[in-house]
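Now for the letters of each chain:
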Amino acid sequence: MFGLGTKNIGIDLGTANTLVYVEGKGIVVREPSVVARNTQTGEIVAVGAEARDMIGRTPVSIKAIRPMKDGVIADYDTTAAMLKYFMERALGTNGHPYVMVCVPSGVTEVEKRAVIDAAKVAGARDAYVIEEPYAAAIGAGLPVMDPTGSMVVDIGGGTTDVATISLGGIVSSRSIRVAGDKLDESIMNYVRQHYNLLIGSRTAEEIKMAIGSASTEEAEKLDDMTVRGRDLLSGLPHSVEIKATDVTDAIKESIDAIIAAIKETLEETSPEIAADVIDHGIVLTGGGAMLRSLADVISDATKVPVFIAQDPLDCVAKGTGESLKNIDVMKKR
């Protein structure tokens, strides 16, 4: 445990990872959003990294699942149990904190309510939500309260959230269900179609991180990678050499969708904010921001400078935590 207390906490409840920010301490929990449950008894066997390591390797009686899908709750009971575990990891069993949870900008009121209810079931005294791109902008250190336009692109596991922000609010935004998971899925499909090899999502993610690039020119400089899986023709274990340019081809459609969302958001903004964005550039946050050459490819497509935030994986959690300072305003709503 990280100690007892009833400090307020901020939670980046992501499709791939959950981060918990404790007031005055910073980020104290950083775990995959995965739960392993016994299908016969309903008992939770493992949560987080331990559960993730079980994906694809469990007996029939145990199922490792990701209860968040595309940035929203897909399995309510499991999400509540996962939140309870992470909150107890952060505060101990005695805490009943106020909790700020981030949600994608495109979620419905019903989806927001599900997140708030799950946090309360998990032990929160009360819960509030903050939109992901706004939290990411705060965490990236952008001047969100100033009368100047900022643009942030948060590429998470389930969703990519694009927003222009000024004077403490979101001016225009897009949330698309194309992000890290979709890139992994595209790699899995490509390897299956072109190499007759069946691989899992964990292997696809490893490929993306090892030799993934948004630019073909950059990919040509990278080494090939040996990938192991199951041969679709023989049904036996098999390994193949995959080129980095194959990965670029596999993810191109998803990268194009992210660029299209950025362009649409820019088209909706006022000329004044568009001018500010050209001056200050677009800031990338989230795990997807670390894909090789992505910033350069987006910059070439939009003709706007693009920068990767410092600690892109932590921006949403930090921003959610920083917003706790204004939790009194949320309580009065």
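Residues numbered from 1 in each chain as written. Predicted model: local features only at pLDDT ≥ 70, side-chain atom pairs only at ≥ 80, totals over all residues. Heavy atoms only, no water.

Under an unreviewed UniProt entry, the protein has the name Cell shape-determining protein MreB and belongs to Lacticaseibacillus pabuli. According to the UniProt record, the Function (unreviewed entry) comment for the protein is "Forms membrane-associated dynamic filaments that are essential for cell shape determination. Acts by regulating cell wall synthesis and cell elongation, and thus cell shape. A feedback loop between cell geometry and MreB localization may maintain elongated cell shape by targeting cell wall growth to regions of negative cell wall curvature." As stated in UniProt under Sequence similarities (unreviewed entry), the record for the protein gives "Belongs to the FtsA/MreB family." (UniProt positions renumbered as here; feature names shortened; annotations may be inferred.)

If you trace the five strands from one edge of the open sheet to the other, you get S13-S12-S11-S17-S18, paired in mixed fashion. In this open sheet, the two strands that pair with only one neighbour each are strand S13 (169-176) and strand S18 (306-308). The sheet shows a mean angle of 20° between the axes of neighbouring strands, direction not considered. Its contacts with the sheet place helix H4 (residues 132-139) against strand S11 (150-155), strand S12 (160-166), S13 and strand S17 (282-285), and it is angled at close to 65° to S12. Running at roughly 110° to S12, helix H9 (residues 271-280) makes contact with S11, S12, S13, S17 and S18 of the sheet. (Pairing = 2+ DSSP bridges. Helix = DSSP H or I, 4+ residues; strand = E, 2+ residues; numbered from the N terminus. Axes fitted to C-alpha atoms, helices over the stretch in contact; angles between N-to-C directions. Contact = heavy atoms within 4.5 Å.)

This part takes up the side chain of Ser 105. Here Ser 105 lies in the loop between strand S9 (98-103) and helix H3 (109-121). Taking the relative accessible area as the measure of exposure, Ser 105 reaches 12% and is therefore buried. (Buried < 20%, exposed > 50% of the residue type's maximum accessible area, 1.4 Å probe, protein only.)

Counting residues in hydrophobic clusters, the biggest one holds 43 residues, and the most contacted among them are Ile 187, Ile 207, Ile 242, Ile 262, Ile 282, Leu 284 and Leu 294. Per element, the largest residue contribution to this core is 10 residues, and it comes from helix H8 (residues 244-268). Val 20, Met 82, Met 87 and Ile 116 belong to the second largest nonpolar core, which has 31 residues in total. (Core = buried A, V, L, I, M, F, W, Y, C linked by side-chain atoms within 4.5 Å.)

Moving on to the packing of aromatic side chains. Considering all chains together, one arrives at two aromatic pairs under this definition. Centre to centre, the rings of Tyr 85 and Phe 86 are 5.6 Å apart; their planes meet at 65°, and the pair counts as edge-to-face. The partly exposed category is assigned to Tyr 85, whose relative accessible area is 32%. (Phe/Tyr/Trp six-rings, centres within 6.5 Å; stacked < 30°, edge-to-face > 60°.)

Turning to the pattern of salt bridges, a few remarks are in order. The final tally for this structure, using the stated rule, is 18 salt bridges. A salt bridge links Glu 88 to Lys 84, with the nearest nitrogen and oxygen atoms 2.8 Å apart. In this pair, Glu 88 and Lys 84 both sit in helix H2 (residues 76-91), four residues apart, roughly one turn of the helix. Residue Lys 84 is classed as partly exposed on the basis of its relative accessible area, which comes to 39%. Residues Lys 252 and Asp 256 are paired through a salt bridge, measuring 2.8 Å at the closest nitrogen-oxygen approach. Taken together, the residues Lys 252 and Asp 256, both in helix H8 and four residues apart, mark about one turn of the helix. Taking relative accessible area as the criterion, Asp 256 reaches 36% and is therefore assigned partly exposed. (Salt bridge = Lys/Arg side-chain N within 4 Å of Asp/Glu carboxyl O.)

Where strand S15 (residues 225-231) meets strand S16 (residues 237-242), six bridges bridge the pair, whose relative direction is antiparallel. What sits directly across from Gly 229, in S16, is His 238. Between S15 and S16, which follow one another and run antiparallel, lie five residues, and Gly 235 among them has a positive phi close to 75°.

With that out of the way, let us pick up the UniProt feature "binding site: ATP" (unreviewed entry) in the protein. In this structure's numbering, the residues bearing the UniProt feature "binding site: ATP" (unreviewed entry) are Thr 15, Ala 16, Asn 17, Gly 157, Gly 158, Thr 159, Glu 205, Glu 206, Ile 207 and Lys 208. By secondary structure assignment, the location of Ala 16 is in the loop between strand S1 (9-13) and strand S2 (17-22). Its relative accessible area of 23% is what places Ala 16 among the partly exposed residues. Every residue in contact with Ala 16, bar those within four places of it in the chain, is listed here: Pro 32, Ser 33, Arg 66 and Gly 157. Assignment of secondary structure puts Lys 208 in helix H6 (residues 201-211).

Here the focus is the sheet that holds S2. Strands sit in the order S3-S2-S1-S9-S10 across an open sheet of five strands; the sheet is mixed. Across the chains shown, the open sheet's two edge strands, defined by having one partner strand only, are strand S3 (26-32) and strand S10 (126-131). Ignoring which end each strand starts from, the neighbouring axes of this sheet average 20° apart. With three bridges joining them, S1 and S9 adopt parallel strand pairing. Looking across to S9, one finds that Ile 9 is bridged to Val 99. Strands in contact with helix H11 (residues 315-322) are S1, S2, S3, S9 and S10; relative to S2, the strand with the most contacts, it is inclined by about 35°.

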